[in-house]
Amino acid sequence: MNGKEVRVGVSLLVGNMDNMVRFYRDILGFQTQWNGGSFADFETASGELSLFMYSREEFVKAIGEDYIPPNGINQTFEIALWLPSFADVDSEYERLSRLGVQFPTGEPITYPFGIHNFYVADPEGNLLEIGSANAV
């Protein structure tokens, strides 16, 4: 397999499809054709199926395993949402603040290695990094 030819998709296994789709669609602004059901995919700059959700209930049936939820913020992974510039990160922080979104680590900061970011937890505790490496 040549990694440069592989498209990567991230799937969130979710407990409440309605609540999670509303957050990603209505709060974060991802477009989707979802109209109910146990699967939703979202349009991103990375293409189709780069971000999708599948009902945890249906997934555990498919693999024949039990699910053990994280307690609080899921610290097993994060999804990084990269914006064009630092100014875009700051604007998104302000927009999400007006919508009442909670930020586990507070307002945007710039690290010495050049990343400007902040973090959001979605309704099921998955950690989202919203950032940029472009100061201009």
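Residues numbered from 1 in each chain as written. Predicted model: local features only at pLDDT ≥ 70, side-chain atom pairs only at ≥ 80, totals over all residues. Heavy atoms only, no water.

In the nomenclature of an unreviewed UniProt entry, the chain corresponds to VOC family protein from the organism Sporofaciens musculi.

Peer 1: Even after reading the chapter, I still don't get the pattern of salt bridges, so can you show me in this structure?
Peer 2: One side chain can pair with another of opposite charge once the charged atoms of both are near each other. Evaluation of the coordinates by the stated rule reveals 5 salt bridges. As a salt-bridge pair, Glu-57 and Lys-61 come within 3.8 Å of each other at their nearest N and O atoms. Separated by 4 residues within a single helix, Glu-57 and Lys-61 lie in helix H2 (residues 56-63), roughly one turn from each other. The partner of Arg-95 in a salt bridge is Glu-92, with the nearest N and O atoms 2.6 Å apart. You can see Arg-95 and its partner Glu-92 sitting in helix H3 (residues 86-98), 3 residues apart, about one turn around the helix. Overall, the relative accessible area of 26% leaves Arg-95 in the partly exposed class. (Salt bridge = Lys/Arg side-chain N within 4 Å of Asp/Glu carboxyl O. Helix = DSSP H or I, 4+ residues; strand = E, 2+ residues; numbered from the N terminus. Buried < 20%, exposed > 50% of the residue type's maximum accessible area, 1.4 Å probe, protein only.)

Peer 1: Sorry, what's going on with the sheet that holds strand S8 (residues 126-132) here?
Peer 2: As a general point, the strands of a sheet are linked pairwise by backbone hydrogen bonds and lie either parallel or antiparallel. If you trace the 4 strands from one edge of the open sheet to the other, you get S5-S8-S7-S6, paired in mixed fashion. Edge strands, defined here as strands with exactly one partner in the open sheet, are strand S5 (74-82) and strand S6 (109-110). Where S5 and S8 come together, 6 bridges link them in parallel fashion. The residue of S8 that forms the bridge with Trp-82 is Gly-131. In this fold H3 packs onto S6, strand S7 (116-121) and S8, with an angle of close to 30° to the strand it touches most, S7. (Pairing = 2+ DSSP bridges. Contact = heavy atoms within 4.5 Å. Axes fitted to C-alpha atoms, helices over the stretch in contact; angles between N-to-C directions.)

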